[in-house]
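# Secondary and tertiary structure notes
Chain by chain, the residues run as shown.
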Amino acid sequence: MPMLPRTLPTRLGAEDKLIDVYLFSLTVFQVLNVLGGLAVASELFNGSEFSALPLLVRQVLAAAAVVIGVFAGFWRHDGKSLWTWVWVAVRFSRLPHHAISRPALVALEDRPDNRWYEVRPPLAWNDQPIRRRTQRVRP
């Protein structure tokens, strides 16, 4: 059986292209963003819960949903998507901003502080070292 040449994979670590047509190539994440924007736009435009709104308002909302979906699919800043930045902004807004530790001011006065009680154990040292008896083990 003859050995067939094998191709080694290149572009390791790169995102897989779902649609690859000449200069127009989209990753899976980009396709999902665009499809998500189109789905929201379709729901805004044709949904029964939005039928009370005037047609012009529904068209503007649907167009905004498509623009946001396309923008979210193609926009990247520092290699992070729009949804990553939105998630980071939401998490940062939920963090407590007032939790800063500052020690209380210390007032230096001449009188002793009654809140403290100083304990000094009496230290006594023997003048001669203690001789310890060691037992020898006899075989």
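Attention here is on the structure that accompanies the text. On a predicted model such as this, the values are computed, not experimentally measured, just so you know.

### Overview of the overall build of the protein chain
Along its length, the protein chain carries 3 helices and 4 strands. Ordered by position in the sequence, the α and β elements of the protein chain form the string β-β-α-α-β-β-α. Of all 139 residues assigned to the protein chain, the portion counted as buried reaches 12%. Considering only contacts in the protein chain between residues 6 or more positions apart, those separated by 24 or more positions represent 37%.

### Focus on helix α1 (residues 28-46)
With 19 residues, α1 extends 26 Å from end C-alpha to end C-alpha; this agrees with the ideal 27 Å at 1.5 Å per step. Of all the residues in α1, the buried ones are Q30, V31, N33, G37, A41 and L44. Down the axis of α1, the smallest arc covering the buried residues is 165°, so these residues share one side. Exposed residues pointing more than 90 degrees away from the buried face of α1 are listed as L32 and N46.

### Some remarks on a nonpolar patch on the surface
On the surface, a cluster of nonpolar side chains totalling about 430 Å² of accessible area is made up of F29, I68, W83, V86 and V90. Per-element accounting of the nonpolar patch gives the leading share, 3 residues, to helix α3 (residues 82-94).

### Considering the packing of α1 against helix α2 (residues 55-74)
With their axes 7 Å apart at the nearest point, α1 and α2 run at an angle of 175° to one another. The orientation of α1 with respect to α2, classified from their angle, is roughly antiparallel. Contact with α1, carried on its side by F29, Q30, N33, V34, G37, L38, V40, A41, L44 and F45, involves L55, R58, Q59, L61, A62, A65, V66, G69, V70, A72, G73 and F74 of α2 and no other residues of that element. Tallied by class, the residues present in the contact of α1 with α2 amount to 15 nonpolar, 6 polar and 1 charged.

### A look at the side chain of S81
Along the polypeptide, S81 turns up in strand β4 (residues 80-81). For S81, the residues in contact, after removing those within four places along its chain, are F29, W75 and R76.

### A look at unusual backbone geometry
A positive phi is found at D78, a non-glycine position, where the angle reads about 55°. Its location among the elements puts D78 in the loop between β3 (76-77) and β4. Of the residues examined, D78 reaches a relative accessible area of 62% and is grouped as exposed.

Conventions and cut-offs
Residues numbered from 1 in each chain as written. Predicted model: local features only at pLDDT ≥ 70, side-chain atom pairs only at ≥ 80, totals over all residues. Heavy atoms only, no water. Helix = DSSP H or I, 4+ residues; strand = E, 2+ residues; numbered from the N terminus. Buried < 20%, exposed > 50% of the residue type's maximum accessible area, 1.4 Å probe, protein only. Contact = heavy atoms within 4.5 Å. Expected span 1.5 Å × (residues − 1). Arc of directions from axis to C-beta. Patch = residues over 30% accessible without salt bridge, like charges linked within 9 Å, V, L, I, M, F, W, Y side chains within 5 Å. Areas by Shrake-Rupley, 256 points an atom, 1.4 Å probe, with all protein chains shown as cover. Salt bridge = Lys/Arg side-chain N within 4 Å of Asp/Glu carboxyl O. Axes fitted to C-alpha atoms, helices over the stretch in contact; angles between N-to-C directions. Parallel < 35°, antiparallel > 145°, perpendicular 65-115°, else oblique. Nonpolar A, V, L, I, M, F, W, Y, C, P; charged D, E, K, R; others polar.

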